[in-house]
Number of protein chains: 2
Amino acid sequence: MNPLEGFEFDRILSEDITTRTINLLGTLPAPDDPSKRLPAVLRLEKTALPKESASVLATQVLTDFSILDHNDVYSWITARTRLPAKDEATAIPADWKLYLICPASPQHISKYSEQARFFVRETPSLYETVTKKWIESIPPKRIEWVYNILEGKKEQESIVFDDKDPELGFVLLPDSKWDRQNPHSLYLQVIVRRRDVRSLRDLTSAHAQFLKHIRSTIKKVVPATFVYVKPEELNIFVHYQPSYYHFHIHVTHIRGPSTGQHHLLDDIIENIELSESYYQRRVLVFPLGVEHPLYKAMEEADPIREFLNS
Amino acid sequence: MNPLEGFEFDRILSEDITTRTINLLGTLPAPDDPSKRLPAVLRLEKTALPKESASVLATQVLTDFSILDHNDVYSWITARTRLPAKDEATAIPADWKLYLICPASPQHISKYSEQARFFVRETPSLYETVTKKWIESIPPKRIEWVYNILEGKKEQESIVFDDKDPELGFVLLPDSKWDRQNPHSLYLQVIVRRRDVRSLRDLTSAHAQFLKHIRSTIKKVVPATFVYVKPEELNIFVHYQPSYYHFHIHVTHIRGPSTGQHHLLDDIIENIELSESYYQRRVLVFPLGVEHPLYKAMEEADPIREFLNS
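Computed from a predicted structure; not experimentally measured.

## A closer look at the overall build of chain A
Here is step 1: Scanning chain A from N- to C-terminus turns up eight helices and 14 strands.
Here is step 2: With 310 residues in all, chain A has 53% of them scored as buried.
Here is step 3: A fraction of 59% describes how many contacts in chain A between residues 6 or more apart in sequence connect residues 24 or more apart.
Here is step 4: Carbon and sulfur atoms provide 51% of the accessible area of chain A, an area that totals close to 14,300 Å².

## Structural notes on the relation of the copies chain A and chain B
Here is step 1: Placing chain A over chain B gives an RMSD of 0.3 Å and needs a rotation angle of 180°, together with 0.1 Å of translation along the axis. Both chain copies can therefore be described as sitting about a two-fold axis.
Here is step 2: When the interface residues of chain A are mapped onto chain B, 100% of them again fall at the interface, so both copies present the same face.

## Thoughts on the interface of chain A and chain B
By a widespread convention, an interface's size corresponds to the accessible area lost as its parts come together.
Here is step 1: Across the boundary between the two partners, chain A contributes 95 residues, which contact 95 residues of chain B.
Here is step 2: Of the roughly 9,500 Å² buried between chain A and chain B on both sides combined, carbon and sulfur atoms contribute 60%.
Here is step 3: When the buried surface of chain A facing chain B is broken down by residue, Arg20, Leu49 and Arg80 of chain A rank first, second and third, together holding 8% of it.
Here is step 4: Taken together, the connections running from chain A to chain B amount to six salt bridges.
Here is step 5: In this assembly, chain A and chain B are joined by 30 residue pairs in polar contact (both at pLDDT 80 or more).
Here is step 6: Top element by residues in the side of chain A that touches chain B is strand S5 (residues 74-81) of chain A. It accounts for eight residues.
Here is step 7: Class assignment of the residues belonging to the side of chain A that touches chain B gives a composition of 49 nonpolar, 24 polar and 22 charged.

## Observations concerning the sheet that holds strand S4 (residues 62-71) of chain B
Here is step 1: Overall, antiparallel pairing links the six strands, which are arranged S1(A)-S2(A)-S3(A)-S6(A)-S5(B)-S4(B) in an open sheet. In this open sheet, the two strands that pair with only one neighbour each are strand S1 (8-16) of chain A together with S4 of chain B. The sheet shows a mean angle of 25° between the axes of neighbouring strands, direction not considered.
Here is step 2: Where strand S3 (residues 37-46) of chain A lies against strand S6 (residues 96-101) of chain A, six bridges are found, and the strand directions are antiparallel. Its bridge partner being in S6 of chain A, Leu42 of chain A is matched across the sheet by Leu100 of chain A.
Here is step 3: Where helix H1 (residues 54-61) of chain B meets the sheet, it contacts S1, strand S2 (21-29), S3 and S6 of chain A together with S4 and strand S5 (74-81) of chain B, and its direction lies at approximately 90° from that of S4 of chain B.

## Topic: the nonpolar core
Here is step 1: With 112 residues, the main nonpolar core has Leu211, Val222 and Met298 of chain A together with Leu211, Val222 and Met298 of chain B as its most contacted residues.
Here is step 2: Setting aside residues up to four positions removed in sequence, Leu211 of chain A forms contacts with Leu203, Phe247, Leu265, Ile268, Ile269 and Ile272 of chain A.

## Observations concerning empty space enclosed by the protein
Here is step 1: Here the structure, examined in full by the defined rule, presents seven cavities of 30 Å³ or more.
Here is step 2: Counted as a void, the largest cavity has a volume near 340 Å³.
Here is step 3: Along the wall of the largest cavity there are 22 residues; nearest its centre are His262, His263 and Asp267 of chain A together with His263 and Asp267 of chain B.
Here is step 4: Tallied by class, the residues present in the lining of the largest cavity amount to eight nonpolar, ten polar and four charged.

## A few points about the UniProt feature "active site" (unreviewed entry) in chain A
Residue and element names in this part refer to chain A.
Here is step 1: The sites that UniProt annotates as "active site" (unreviewed entry) are His248.
Here is step 2: Position of His248 among the secondary structure elements: in strand S12 (residues 248-253).
Here is step 3: Its relative accessible area of 4% is what places His248 among the buried residues.
Here is step 4: In contact with His248, not counting residues within four places along its chain, are Gln189, Val190, Ile191, Val238, Pro242 and Ser243.
Here is step 5: Here His246 takes part through its backbone oxygen, which lies 2.8 Å from a polar atom of the side chain of His248.

## As for the environment of Lys220 of chain B
Here is step 1: Locating Lys220 of chain B in the fold gives a position in helix H5 (residues 208-225).
Here is step 2: Considering only alpha carbons, one finds Lys220 of chain B and His263 of chain B, 43 residues apart in sequence, at a separation of 21 Å.

## So, the sheet that holds strand S8 (residues 161-163) of chain B
All names here are of chain B.
Here is step 1: With respect to topology, six strands assemble into an open sheet ordered S8-S9-S10-S12-S11-S13, the strand pairing being antiparallel. In the strand order of this sheet, the two ends are held by S8 and strand S13 (262-264), each with one partner. Direction aside, the axes of adjacent strands within the sheet are offset by 30° on average.
Here is step 2: Sheet analysis places strand S11 (residues 234-239) next to S13, joined by three bridges and oriented antiparallel. Paired with Val238 across the two strands is His263, which belongs to S13.
Here is step 3: H5 contacts S8, strand S9 (170-174), strand S10 (187-192), S11 and strand S12 (248-253) of the sheet and is inclined by roughly 140° relative to S11.
Here is step 4: Sitting on the sheet, helix H6 (residues 265-274) is in contact with S11, S12 and S13, with an inclination near 65° to S13.

## Here we look at the pairing of S1 of chain A
Residues and elements named next belong to chain A.
Here is step 1: Where S1 lies against S2, seven bridges are found, and the strand directions are antiparallel. Counted as the bridge partner of Glu8 is Thr27 from S2.
Here is step 2: Counting the residues between successive antiparallel strands, the hairpin from S1 to S2 contains four residues, one of them, Arg20, with a positive phi of roughly 55°.

## So, the packing of H5 of chain B against H6 of chain B
Residue and element names in this part refer to chain B.
Here is step 1: Relative orientation of the contacting elements H5 and H6 amounts to 155°, with a least axis distance of 10 Å. Taken as axis vectors, H5 and H6 run roughly antiparallel relative to one another. Seen along the crossing, H5 lies across H6 with a hand that is left-handed. Along its contact with H5, which presents Ala208, Leu211, Lys212 and Arg215, the element H6 presents Leu265, Asp266, Ile268, Ile269, Ile272 and Glu273.
Here is step 2: Of the residues belonging to the contact of H5 with H6, the class tally is six nonpolar, no polar and four charged.

## Details of the pairing of S9 of chain B
Residues and elements named next belong to chain B.
Here is step 1: Burial analysis of S9 places five of its five residues in the buried class, the great majority of the element.
Here is step 2: By the alternation rule, side chains of S9 split into Phe170, Leu172 and Pro174 and Val171 and Leu173, which are all buried.
Here is step 3: Looking at chain direction, S8 and S9 are connected through three bridges and run antiparallel. Pairing of Phe161 across the sheet is with Leu172, part of S9.
Here is step 4: Taken together, S8 and the strand that follows it, S9, pair antiparallel across an intervening segment of six residues.
Here is step 5: With five bridges connecting them, S9 and S10 associate as antiparallel partners. The residue bridging Pro174 from the neighbouring strand is Leu188, located in S10.

## Concerning the side chain of Arg282 of chain B
Here is step 1: Residue position: Arg282 of chain B is located in the loop between helix H7 (278-281) and strand S14 (284-289).
Here is step 2: In this structure the side chain of Arg282 of chain B is engaged in a polar contact, spanning 2.5 Å, whose partner is the side chain of Asp267 of chain A.
Here is step 3: Residues within four places of Arg282 of chain B in sequence aside, it is in contact with Asp267, Glu270, Asn271 and Leu274 of chain A together with Glu122, Pro124 and Arg201 of chain B.

Reading the values: rules and limits
- Residues numbered from 1 in each chain as written.
- Chains lettered and ligands numbered in written order.
- Predicted model: local features only at pLDDT ≥ 70, side-chain atom pairs only at ≥ 80, totals over all residues.
- Heavy atoms only, no water.
- Helix = DSSP H or I, 4+ residues; strand = E, 2+ residues; numbered from the N terminus.
- Buried < 20%, exposed > 50% of the residue type's maximum accessible area, 1.4 Å probe, protein only.
- Contact = heavy atoms within 4.5 Å.
- Areas by Shrake-Rupley, 256 points an atom, 1.4 Å probe, with all protein chains shown as cover.
- Least-squares fit on C-alpha atoms with pLDDT ≥ 70 in both.
- Buried area = accessible area lost by both parts, 1.4 Å probe.
- Salt bridge = Lys/Arg side-chain N within 4 Å of Asp/Glu carboxyl O.
- Polar contact = N/O pair within 3.5 Å; in protein donor to acceptor, adjacent residues only side chain to side chain.
- Nonpolar A, V, L, I, M, F, W, Y, C, P; charged D, E, K, R; others polar.
- Pairing = 2+ DSSP bridges.
- Axes fitted to C-alpha atoms, helices over the stretch in contact; angles between N-to-C directions.
- Core = buried A, V, L, I, M, F, W, Y, C linked by side-chain atoms within 4.5 Å.
- 1 Å grid on protein atoms, 1.4 Å probe; cavity = no way out; pocket = protein on both sides within 12 Å on 5 of 7 lines; lining within 4 Å.
- Points joined across faces, edges and corners; volume = space filled by probe spheres on them.
- UniProt positions renumbered as here; feature names shortened; annotations may be inferred.
- Parallel < 35°, antiparallel > 145°, perpendicular 65-115°, else oblique.
- Left-handed = near helix turned anticlockwise from the far one by under 90°.

Below, the structure is given as structure tokens:
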């Protein structure tokens, strides 16, 4: 059965050249009335290369070779995937992963649509007058899921480590981005117990001991729990802007996913020790989508758009 | 003609889960004497999804669907690539890119082999006693290619912009990582004319005007040359450690390739303006392969391995 039977392509919503992913908009016939068409968002993603199939990949999967160029010992070649026979299908893994949303709402479509993203410059005064107000306007309900975890109401079976000290304590648990299998895609999240730190901007030298306590605990607990990872392989970082405003820290493997806007916990500790109000005095530069409410708030507050230029 | 005819798989050298790349070691029969076998390094890489083929991809390429799960409007599906008929082959792009090195030398094999990488902590004193000495021991011949560009002897046809001022000047040219086609994979390099800055560690507040001059020039020149990119879409950053010790700056698109160890030029300028000897006083943390000569030098100088722990 072909779940894309009758799919009609409309347009590309977005693409990601690094992860070989593309999001399309199209339509599918309604199951109960094929004369009616439903909007459908379709994400096409090439699968990662499984180590177990490496030998099969090189010797059985490829066909239709075309040699692009050749220089000394080096050759550049393109090839196609041969469709496996029925009995081979378990040895030759599927090469596409699809994610289909149908019928797709306007919110779904906008979520997967490309939006322009720009580097913005958040000066201390722009933080005080715009960002802080915007953060304070976010309904508290949005981080109730965080309090549910901290209060032991949700996701308790997932918790890897729980430090119950009200000042220094935190909960360590897997991030939803981790498949919980591949050691290199390890992804954990540290959610702190104290509720008075919204983001990087609130950290001062007074937090150095607190952050060092978290760092040394993570470096002990994570390698003890996930024995394939060493303390010096842990990538411990913070996002600014974060996706929610209750202080949290990301923990990944040094070979794992990494994006541009990381602030290493090590760097943060260094900075607040060098200069006590470092994060209150710094212009912070970060990428921001133009559809983001914070972008819109900055644009309104700064009509000459100084937040975009330096 | 199949360039992998007779390929025998030996082992996986390394893999990259993000870019869907895997490096294999195997052997191929020698062209002049098929009884002899030659070592071969084979990189298998899934191609990126070309926008032009999006409609073809969704409607013609996929087959062998398998629905993994289904919840409300969401479905997760795997699929395979149908091998196109001869006359379709131009519309349906090749799905693999191969890079073959044969015969591969031990150096080739080691270059593509996975090595353990750890976060190291370079204190100011470790920089002074180990890193600086190691940098000074690198034969000057290694950066002759840089001087060839600056002196107008090589790659002159590629130069995008040339600021000839001996103090503030720089050359702007495409990086070899850029295909020079996809706007999102834009990758340029700024090589400064002055020869007294090896890396981030040499920058002080005295360089603020120099760096600001480069920043403002790039933000004017790049969007004027590559008209699809806006100044606020430029990701301008420095690596530490860099791959060569003559000060240079990377310029990419905000949607383009990004790795963890970026120091934004904006952040660098902020830091030296906040504190004049910021980069001389900071512990700098960065990932380093254990086969890297700098790693070995650090290990020798610090037998209790404090450079690994915090």
